[in-house]
Amino acid sequence: VGALLAVTDAETARSFETDNGVTTRVAVEPRTEYGVLRLQQEIGRQASTVGFMVTGLQRQFQDPALAALMSREAFSGGVDWRIRWKQGMYAVSGWTGFGYVAGDSAAIARIQRSSAHYFQRPDAPYLDYNTARRHMGGMTAQLRADKDAGRRILWGAQINTESPEYEVNDVGRLQSADDIEYNADIQIRETIPGKYLQNWRLGFVTRGGFNYDGDRMNEEWNQNTTLTLKNFWNININWRLDLPTMDDVQTRGGPMMKTGHGWGGEFRVNSPFGGRTSYRTNFNWGRDNLGGWRNSVGGSVTMRPAPRWSTSLEPNFQRSRDARQYITSSDDATATATYGRRYLFGFVDRTTISMRTRLNYTFSPRLTLEGYMEPFAASGRYHGIGELQAARGNALTTYGKDAGTTATRDGSGNYTFTARGNTFTLSNRDFQVLSFRSNTVLRWEWNPGSTLFLVWQQNRRASEVLGEGVTLGDLLHTTRAAGDNFFAIKATYWFPVKR
């Protein structure tokens, strides 16, 4: 049995109005009450379980502006189970539950338009987008069967769903609703060492899904091969195939859009993990029939030069081109094939470089120093900008290339386009981002169970409208970017209790 009750008070923030120079206080958070109850019971002799969970949230609004932004109350709950038999070789697991929110009509309309739902899609009459409604609720369920043990073959199969009106983001996490998804996998393995290999595994996976209107939203096939050599070096090879399906989020609330046909793979090699120095290297690539591609190379090296020291470096470099990057949308009565709205997409060439670094030193079993930092640099350049020709397709009318269109760019990189007799502008979307994050933690267990932590955290970031690709030298510039330094002291004390 687990239970949690919490109350957070109303909060305000200072606001400065540039029009009249007046500083006021505005409400930014209402008084909120939270509750969570979890029950779980083990049954039988094979660690089977059955459980129940319910969550609740209640907000007390004093400002109508906040009531239009947040739900007034939210509840969710359900039951779950995992039934095991034959010493855990087989298992059937799953859950079924509900989600419910209520509040001001403006707040519920915002939830309907959120990226988890997009009820406003013009080509989805089965979704009930109603700006007057004051509540919405839906259900979720999952059923999975697994064979988790055996000499050679393991497998699993699963189906899960979230109804279009299912919502739990007030006390939970929901990336998308309106889904009926499935996946199945089979693993063929050998765990007895042979002449050349310590062990090996072949895996085959398929994933797919539909929405509640019957449109296929995903279809993926994956094959994975893992080989462990006699010297315990590990080789992993992965292949992936994505078939064309429909996408209900690419236009950000607009009509359905067709995805491309994609394929790719990954090759990874790991040295034995038990050595004083271990290595990993990997190469990842992908292509699609729309002109997109991705190449990345990375790795890591972990060194333990002495029992007290441990350090690791994880460099990563990636270049890619997205063929259908969403940019923006605007009303256009002449765009009848896309329901009177223009949806702009473009190619974007990206370059990303990062270097994760960790350094740990143990002064004694009770005193340790741990450091982490990650310089990061990324850039993107847009080109081939155009508009979606028709709903449920992926072809673009490219400005300045296709007949009846023009495209010009000024010295600041801003665009002026014409299409079907309309003229409109687009600001420069190229970018270059530098980021540096680090954490340094000194941990001192000054008494058994009682610990003191000293923490220093940096968060630096710089962003410019540039189309030039970043280079390794830009990683050194990340430490000079503007940012914040955060210092914290945390202490815990365990009281001795005599029996």
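Preceding this section is the structure that the text describes.
Residues numbered from 1 in each chain as written. Predicted model: local features only at pLDDT ≥ 70, side-chain atom pairs only at ≥ 80, totals over all residues. Heavy atoms only, no water.

Once that is clear, we can look at the nonpolar core. Counting 11 residues, the largest nonpolar core consists of I327, L344, V348, Y382, I385, Y399, Y415, F417, A419, F424 and L426. Among the elements of the structure, β20 (341-364), β21 (367-388), β24 (415-419) and β25 (422-426) are those that each provide at least two residues to this core. With 3 residues, β24 is the largest single contributor of residues to this core. Discounting chain neighbours no more than four positions away, the residues touching Y382 are Q325, I327, F347, V348, Y415, R429, D430 and F431. Among the nonpolar cores identified, the runner-up in size contains 9 residues, and A74, V101, F119 and M136 belong to it. (Core = buried A, V, L, I, M, F, W, Y, C linked by side-chain atoms within 4.5 Å. Buried < 20%, exposed > 50% of the residue type's maximum accessible area, 1.4 Å probe, protein only. Helix = DSSP H or I, 4+ residues; strand = E, 2+ residues; numbered from the N terminus. Contact = heavy atoms within 4.5 Å.)

Now for the packing of aromatic side chains. If you walk through the whole model with that rule in mind, you get 13 aromatic pairs. With a centroid separation of 6.1 Å and 5 degrees between ring planes, the pair formed by W456 and F487 is classed as stacked. Taken as a pair, W456 in strand β27 (residues 450-464) and F487 in strand β28 (residues 483-492) lie far apart in primary sequence, 31 residues in all. Between Y493 and F495, the ring centres sit 4.8 Å apart and the planes meet at 90 degrees, which makes this aromatic pair edge-to-face. Take F495: its relative accessible area is 67%, and that puts it in the exposed class. Among the aromatic residues, those joined into a cluster by ring pairs are Y399, Y415, F417 and F424. (Phe/Tyr/Trp six-rings, centres within 6.5 Å; stacked < 30°, edge-to-face > 60°.)

Glancing now at unusual backbone geometry. Look at K86: it is not a glycine, yet its phi comes out positive at around 55 degrees. Positionally, K86 belongs in the loop between β6 (73-85) and β7 (90-102). One non-glycine residue, R392, lies in positive phi territory at about 65 degrees. Of note, R392 is situated in the loop between β21 and β22 (396-398). Residue R392 is classed as partly exposed on the basis of its relative accessible area, which comes to 38%.

Shape descriptors only; they carry no functional weight alone.
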